[in-house]
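Residue-level listing of the chains:
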Amino acid sequence: MFNDLTQQFLPSTIGGLTIGAIYALVALGYTMVYGVLRLINFAHSEIFMIGSYASLFVIISVGVTAPLTGIALLGLLILLIVVSAAVAGGSAILLEVVAYRPLRRRGAPRLAALISAIGASLFLQELFALFIIPDVFGRPGRIDTAVPRIVDRDVLFTIGNAQVRTDQVIVLLAAVIVMILLDQLVARTRIGRGIRATAQDPEAAVLMGVNIDTIVRLTFLLGGAMAGVAGVLYAMEFENLRFNIGFILGIKAFTAAVLGGIGNIRGALLGGIALGLIENWGAIFFGSQWKDVIAFVILVVVLLFRPTGILGESLQKARA
Amino acid sequence: MNTHRKAGGTGNPLTALRAATGDVSDRVRDWWADASPWQRWGIYGLVLLLAIVAPHPIIASFMSPYTDWTSLLFNPIGTYVLLAIGLNIVVGHAGLLDLGFVAFYGIGAYTLAYLGTTVGWAFWPTVIMGVFLAAMSGVILGAPTLRLRGDYLAIVTLGFGEIVRITAVNTKALGGARGITPIPHPPNLFGVEFLLDPLPYYYLILAVIVVAVIFSIRLQRSRVGRAWTAIREDEDAAELMGVPTFRFKLLAFAIGAMVGGLAGTVFASKVIFIAPTNFPFILSATILAAVLLGGAGNLPGVIIGAFLIAWLPERFRGFADYRILVFGAALVLMMALRPQGLLPSRQRSAEIKEGTGGMGSLGAEVPRPDTDPDTAAVEVAR
Amino acid sequence: MSRKRMVVTAAMLAGALALTACGGGGSPSGGGGGGETLKIGFMGDLTGENSGIVIPPRNGAKLAIDEYNATNPAVKLQLVEYDSQGSADQAVPLTQQAIQQDKIVGLVGPAFSGESKAVGPILEQAKIPSISASATNPGLAQNGWKYWHRVVANDADQGPGIVDFLVRAAAPKKAYVISDDQEYSVGLADAAFGAFQAKGVQVERDQFAQAASDYSSTVAKVNAFKPDVIVYGGYYSQAGRLLKQLRDAGVTATFASGDGSLDPQIIQGAGAPAAEGAVLACPCNIPFGATTGALADFTARYKAAVKADPAIYSTEGYDAATLFVDAVKAGNTTAEAINTYVSGAKLDGVSKKIAFKPNGEPDVNAIFIYQVKNGALTLLGQSTEAKLG
């Protein structure tokens with residue numbers, strides 16, 4: 001067992017960081033929408049899926065046939081991130097307008113909004129399985145859609161017995177950069193102030209001249225854009241997409257958001273990374289089949305002893 | 001009585017549509033709410049009579065041309081109705097969101113299967129054991145988590161459902177992914193043999209449903225039921241008035257779990273073979289959708305909701321590919337048009353108009369000039 | 001309340017109903033014409049996640065029935081399809097319907113083992129013969145069922161078949177067995193794990209969830225153990241993803257899997273460079289690139305009818321349906337008589353020579369070995385003779 005630990009610890013850590021970064025990006029969407037609307041946006045996982053397919057569409061359209069390097073790779077990544085973030089953010093706004101706004105308008109209870117979210121989630125999955133994947137990508141709708149390789153799996157450097165590859169470094173770097181940008185946006189700009197004010201006290205925010213609908217739309221846009229970035233990184237790293245990739249990943253990401261302290265942007269980053277690491281470390285001892293159980297048990301334990309998550313809930317209270 | 005609707009009819013087209021769709025079922029509901037006990041029992045009797053003759057081939061040919069109607073009446077229709085009655089106690093009565101209800105169903109089914117095949121217990125003791133274990137797991141899950149906020153409860157119960165399923169998959173003693181077979185059938189009852197013919201099982205589950213319905217109605221009208229209503233509407237106020245909220249929430253969880261476990265044992269007694277794939281997350285979501293579609297808290301509504309959700313996909317099997325697509329869209333449409341469900345109780349309708357009674361209202365919502373006037377109008381006005 | 005709104009409601013409801021109803025209608029094929037028509041069922045996952053390995057045998061069975069009907073026999077056959085989506089919950093009522101309403105005299109299927117377990121006792125009681133072209137769980141043959149048959153070898157033969165072949169062809173010292181948590185996957189992995197132990201090969205294993213997509217912890221375990229061969233029990237979607245992630249992490253050990261992964265999709269999923277050299281075993285005989293003999297003839301007829309190449313279990317589906325056709329040709333028209341005929345039949349089938357043991361198992365347990373070469377699946381031959389390319 002000890003031998004297992006020493007042999008597997010570092011490689012598992014690298015793997016955990018990579019998937020954890022993707023959890024974190026998706027968790028941001030849950031956390032922001034929850035902070036503002038007190039709603040578990042169940043369909044957020046499908047926004048992530050849409051983002052991943054948007055990036056596949058770009059990769060195919062650009063006609064990448066061999067892995068890229070240097071400036072060409074950087075350019076493609078930026079293009080992918082911009083397009084996917086736009087498509088996913090737009091889809092998130094559309095989702096809000098169709099599935100949540102009618103409910104918000106009449107002050108429906110959150111339970112109703114949650115059911116609407118589950119409905120939207122199923123609808124979007126099936127829309128892709130039945131129409132978009134076969135019609136746009138010309139592939140069977142319910143099995144994996146392969147993504148052409150855009151980054152070579154070269155070993156960049158090694159730490160102990162763990163090899164760190166280019167693609168993994170890109171995932172981590174991109175996730176961290178995007179999250180710093182978002183954090184600054186929320187902390188420093190007028191838009192960010194509006195979001196925080198609405199999260200804290202919607203009535204006071206309205207009185208202060210904040211347009212709630214605009215703020216809600218922006219929240220969905222930003223959360224969706226983050227899921228879009230996650231979609232790009234997922235497509236690049238795992239190279240297989242499917243209509244239901246969002247389902248498990250979405251549950252994990254929401255868990256990560258709660259773990260870090262829901263409504264807290266930095267908490268989402270911390271929660272995502274922590275969840276990715278805990279899962280992989282747990283798998284060393286118990287086997288990979290227990291990963292999901294480990295994740296949920298940790299969640300329950302954290303909630304019992306610190307119900308507000310690691311960093312506490314503070315989209316409202318974030319530094320002005 | 002419809003003054004507020006007239007006011008809301010102009011402007012927003014959704015409002016008009018909403019009012020139109022709601023009208024018929026509201027009238028049904030109102031009639032039901034005003035009906036005398038005798039009329040109600042008459043209707044219950046009529047429904048029961050209908051349920052008893054339901055397996056008749058003439059009804060079958062219309063209700064289910066593509067697949068065996070009697071089998072459908074047992075599973076999914078009977079099992080969904082029973083599960084929905086159980087979940088309704090948790091969601092509809094106590095206002096707690098449970099996204100992992102399938103776990104209790106699974107625990108019931110696995111208890112029957114395991115004790116029946118490996119340990120060799122007789123049928124009825126295993127049923128009681130299944131119900132007991134489901135209730136116990138409800139308490140074990142609820143005790144630490146029911147102090148949490150509604151959303152956390154949702155994610156924790158979702159996690160619990162997955163933990164139970166994954167544990168079954170990875171536990172060799174429970175058959176792992178292979179599941180358990182052959183599960184013994186119930187012994188003869190009143191001279192009726194329980195073998196492969198689905199008909200006796202249908203009457204068995206029908207009898208169980210009748211008992212569950214009576215139990216649920218009695219419960220709702222008791223002190224316990226009133227305490228749940230108080231908790232659902234305003235937990236803090238209930239606590240201040242001296243209602244031990246935590247204990248009552250735990251009780252709701254345990255009773256809901258019991259009904260779920262009971263459904264599991266009845267299900268397992270027919271199917272011969274169960275595996276973890278019988279208990280996926282989507283089943284929890286489907287049952288929840290059934291409860292809310294029908295109208296959480298109102299038993300006739302919940303039963304109708306569960307019936308529709310179980311029956312429609314099988315009735316339109318030719319439409320198989322698009323079933324889930326339509327189901328998803330229907331949920332979104334339903335919540336936009338009539339979030340209180342097809343046949344909600346009056347009390348629930350009023351609560352939903354106020355934005356309470358379902359984990360409270362959404363954030364970021366402030367009454368504004370462009371808000372529908374009916375939002376403000378509380379239905380009590382009628 | 002105005003009458004107009006009531007009308008709107010009614011119109012909306014009617015519209016919704018019409019929308020839902022328009023898709024109605026079963027999908028029986030063949031049949032019609034004069035004389036007597038008997039119904040043969042086909043049951044399996046025709047629209048769900050694993051329909052990729054059920055549609056080819058369906059096409060094979062349909063081809064056999066259509067060819068027979070084209071000869072204008074006195075007793076025609078009709079193939080009725082039952083889409084169970086691989087779920088036992090759906091298969092049970094469908095089977096009741098098939099027996100009571102449609103009065104089928106034989107069933108090709110159920111395609112998977114889980115649904116077979118649920119449906120077997122019902123078919124047994126109704127005395128309806130069934131022949132599965134793809135259910136490979138060993139336990140199915142141990143129920144004492146008289147009406148159940150299959151035309152493929154089971155996982156208890158398939159697992160050791162792969163292992164025997166690998167031990168003979170690659171002489172590994174260390175082996176790693178991986179599976180996901182589906183019934184088929186675990187069964188195959190168990191059989192392979194046991195076979196490696198019996199051969200004295202040092203072996204370890206890991207398992208991941210079906211819906212997982214990040215296998216980094218499994219890959220780390222494999223890298224730490226440094227095996228010579230890896231056997232994966234499971235279906236092609238997960239196999240493709242796993243193989244890619246293994247190769248990305250620098251694992252070079254020979255990768256082998258079973259029939260569930262024998263699909264060109266594994267090459268798509270893993271990427272051609274990663275998939276190259278992967279070994280796939282199957283109790284099925286897929287005529288990849290057959291140019292002569294019965295297989296080439298079958299391929300040509302199949303292509304003409306289905307407009308696609310024969311794929312996994314096409315030949316087995318064809319053979320299963322052919323057994324029923326032969327039974328009817330021999331003058332049997334009741335389910336009971338057809339069962340008696342099938343149980344004693346000797347068929348020189350397209351896939352292999354078929355005869356049944358008393359428990360319904362085929363009497364030859366041929367395992368065929370395939371390998372990915374130059375980005376395409378090629379048949380190496382039977383597991384007892386094949387050589388790694």
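Since the structure is predicted, the reported quantities are computational estimates derived from the model, not experimental observations.

Reading guide: rules and limits
- Residues numbered from 1 in each chain as written.
- Chains lettered and ligands numbered in written order.
- Predicted model: local features only at pLDDT ≥ 70, side-chain atom pairs only at ≥ 80, totals over all residues.
- Helix = DSSP H or I, 4+ residues; strand = E, 2+ residues; numbered from the N terminus.
- Contact = placed C-beta atoms within 7 Å.
- Rg over C-alpha atoms; globule rule 2.2 N^0.38 Å.
- Buried ≥ 20, exposed ≤ 12 C-beta atoms within 10 Å, placed from the backbone.
- Nonpolar A, V, L, I, M, F, W, Y, C, P; charged D, E, K, R; others polar.
- Core = buried A, V, L, I, M, F, W, Y, C linked by C-beta atoms within 7 Å.
- Pairing = 2+ DSSP bridges.
- Expected span 1.5 Å × (residues − 1).
- Axes fitted to C-alpha atoms, helices over the stretch in contact; angles between N-to-C directions.
- pLDDT = per-residue confidence, 0-100.
- Parallel < 35°, antiparallel > 145°, perpendicular 65-115°, else oblique.
- Left-handed = near helix turned anticlockwise from the far one by under 90°.

Side note on the overall build of chain B
Phase 1 of the analysis: In terms of helices and strands, chain B carries 17 helices and 0 strands.
Phase 2 of the analysis: Look at the contacts in chain B between residues 6 or more apart in sequence, and 78% of them connect residues 24 or more apart.

A closer look at the overall build of chain C
Phase 1 of the analysis: Per the secondary structure count, chain C includes 13 helices and 15 strands.
Phase 2 of the analysis: For chain C, whose C-alpha radius of gyration is 23 Å, the value lies close to the compact-globule estimate of 21 Å for 389 residues.
Phase 3 of the analysis: The principal-axis extents of the C-alpha atoms in chain C amount to approximately 70 × 70 × 40 Å.
Phase 4 of the analysis: When each of the 389 residues of chain C is scored for burial, the buried share is 60%.
Phase 5 of the analysis: Look at the contacts in chain C between residues 6 or more apart in sequence, and 71% of them connect residues 24 or more apart.

Comments concerning the interface of chain A and chain B
Phase 1 of the analysis: Every contact between the two is made by 49 residues of chain A and, on the other side, 49 residues of chain B.
Phase 2 of the analysis: Those elements giving two or more residues to the side of chain A that touches chain B turn out to be helix H1 (2-37), helix H3 (70-105), helix H4 (110-137), helix H7 (202-207), helix H8 (212-238), helix H9 (245-260) and helix H11 (291-305) of chain A.
Phase 3 of the analysis: Counting residues per element, the side of chain A that touches chain B draws most heavily on H4 of chain A, at 14 residues.
Phase 4 of the analysis: Looking at the side of chain A that touches chain B residue by residue, the class counts come to 35 nonpolar, 6 polar and 8 charged.

Regarding the interface of chain C and chain A
Phase 1 of the analysis: If you look at the interface, chain C gives 28 residues, while chain A gives 30 residues.
Phase 2 of the analysis: Elements that contribute at least two residues to the side of chain C that touches chain A include exactly strand S8 (202-208), helix H7 (216-225), helix H8 (236-248) and helix H9 (265-270) of chain C.
Phase 3 of the analysis: Broken down by element, the residue count for the side of chain C that touches chain A peaks at 7 residues, all from H7 of chain C.
Phase 4 of the analysis: Grouping the constituent residues of the side of chain C that touches chain A by class yields 6 nonpolar, 14 polar and 8 charged.

Examining the nonpolar core
Phase 1 of the analysis: Counting 354 residues, the largest nonpolar core has Ala-24, Leu-25 and Val-229 of chain A, Ala-84 of chain B together with Ala-192 of chain C as the members making the most contacts within it.
Phase 2 of the analysis: The biggest single contributor to this core is H8 of chain A, with 18 residues.
Phase 3 of the analysis: When residues no more than four places from it in sequence are discounted, the contact partners of Ala-84 of chain B are Ile-287, Ala-290, Val-291, Val-302, Ile-303, Gly-305 and Ala-306 of chain B.

What about unusual backbone geometry?
Phase 1 of the analysis: Following Asn-75 of chain B, the chain continues to Pro-76 of chain B via a peptide bond in cis, the omega torsion being 15°.
Phase 2 of the analysis: You can see Pro-76 of chain B is positioned in helix H5 (residues 69-93).
Phase 3 of the analysis: A cis amide bond links Thr-181 of chain B with the next residue in sequence, Pro-182 of chain B, at an omega value of -5°.
Phase 4 of the analysis: You will see that Lys-307 of chain C, though not glycine, has its phi angle at about 60°, which is positive.
Phase 5 of the analysis: As for its position among the elements, Lys-307 of chain C is in the loop between helix H11 (293-306) and helix H12 (314-329).
Phase 6 of the analysis: Classification of Lys-307 of chain C by C-beta neighbours within 10 Å gives exposed; the count is 8.

Focus on the pairing of strand S11 (residues 279-282) of chain C
Residue and element names in this part refer to chain C.
Phase 1 of the analysis: The alternating pattern of S11 places Val-279 and Ala-281 on one face and Leu-280 and Cys-282 on the opposite face, and all of these are buried.
Phase 2 of the analysis: As defined by bridge partners, strand S10 (residues 254-257) adjoins S11 across 2 bridges and the pair is classed as parallel. From the neighbouring strand, Ser-257 faces S11, where its bridge partner is Leu-280.
Phase 3 of the analysis: As judged from the 4 bridges shared by S11 and strand S14 (residues 368-373), these two strands associate in the antiparallel manner. Across the sheet, Leu-280 pairs through a bridge with Tyr-370, a residue of S14.

A short note on H9 of chain A
Every α-helix carries 3.6 residues per turn, so stepping three or four residues along brings you back to the same face.
Residues and elements named next belong to chain A.
Phase 1 of the analysis: Compared with an ideal rise of 1.5 Å per residue, which puts 16 residues at 22 Å, H9 spans 23 Å between its outermost C-alpha atoms and is within 8% of the ideal.
Phase 2 of the analysis: In terms of residue burial, H9 counts as a mostly covered element, since 14 of its 16 residues are buried.
Phase 3 of the analysis: Within two residues after H9, Gly-261 carries a phi angle of roughly 110°, on the positive side.

Digging into the pairing of strand S3 (residues 162-165) of chain A
Phase 1 of the analysis: Note: strand S2 (residues 155-159) of chain A against S3 of chain A, 4 bridges, orientation antiparallel. Bridge pairing links Val-155 of chain A to Arg-165 of chain A in S3 of chain A.

Concerning the sheet that holds strand S7 (residues 174-180) of chain C
Residues and elements named next belong to chain C.
Phase 1 of the analysis: An order of S8-S7-S9-S10-S11-S14-S15 is seen for the 7 strands of this open sheet, with the pairing classed as mixed. With partners counted over all chains shown, the strands left at the sheet margins are S8 and strand S15 (376-382), one partner each. Strand after strand, the sheet turns through a mean of 25° between neighbouring axes, direction not considered.
Phase 2 of the analysis: Sheet topology places strand S9 (residues 229-233) next to S10; 4 bridges connect them, and they run parallel. Bridging from a neighbouring strand, Tyr-232 pairs with Ser-257 of S10.
Phase 3 of the analysis: Running at roughly 170° to S10, H8 makes contact with S7, S9 and S10 of the sheet.

Some remarks on the confidence of the model for chain B
All names here are of chain B.
Phase 1 of the analysis: Scored by pLDDT, chain B has a mean of 81; 83% of the residues are at 70 or more.
Phase 2 of the analysis: Mean pLDDT across the elements of chain B ranges from a minimum in helix H17 (residues 373-376), with 38, to a maximum in helix H6 (residues 102-119), with 93.
Phase 3 of the analysis: Low pLDDT, under 50, characterises residues 1-10; the predicted model gives this stretch 16 contacts beyond four residues in sequence or across chains.
Phase 4 of the analysis: Here residues 366-382 is modelled with pLDDT under 50, and outside its nearest four sequence neighbours on either side it reaches 30 contacts, counting other chains as well.

Quick word on the environment of Ile-155 of chain B
Phase 1 of the analysis: With respect to the secondary-structure elements, Ile-155 of chain B resides in helix H8 (residues 150-170).
Phase 2 of the analysis: Look at Ile-155 of chain B and you get buried, because 26 C-beta atoms sit within 10 Å.
Phase 3 of the analysis: Taking the C-alpha atoms as reference points, Ile-155 of chain B and Asn-298 of chain B, 143 residues apart in sequence, are found 25 Å from one another.
Phase 4 of the analysis: Once residues lying within four places of it in the same chain are set aside, the contact partners of Ile-155 of chain B are Phe-254, Thr-255 and Val-258 of chain A.

Section: helix H12 (residues 245-271) of chain B
Residue and element names in this part refer to chain B.
Phase 1 of the analysis: Between its terminal C-alpha atoms H12 stretches 39 Å, which fits the 39 Å expected from 27 residues at 1.5 Å a residue.
Phase 2 of the analysis: Counting buried residues along H12, 24 of its 27 residues qualify, which places the element largely inside the surrounding structure.
Phase 3 of the analysis: Directly beyond the C-terminal end of H12, a positive phi value near 70° is found at Ile-272.

Observations regarding the packing of helix H5 (residues 155-170) of chain C against helix H6 (residues 183-198) of chain C
Residue and element names in this part refer to chain C.
Phase 1 of the analysis: In contact at an axis separation of 8 Å, H5 and H6 are set at 50° when each is read in the N-to-C sense. By the criterion of interaxial angle, the relationship of H5 to H6 is oblique. In the packing of H5 onto H6, the handedness of the crossing is right-handed. Two secondary-structure elements touch here, H5 through Asp-155, Ala-156, Gln-158, Gly-159, Pro-160, Ile-162 and Val-163 and H6 through Gly-187, Leu-188, Ala-191, Ala-192, Ala-195 and Phe-196.

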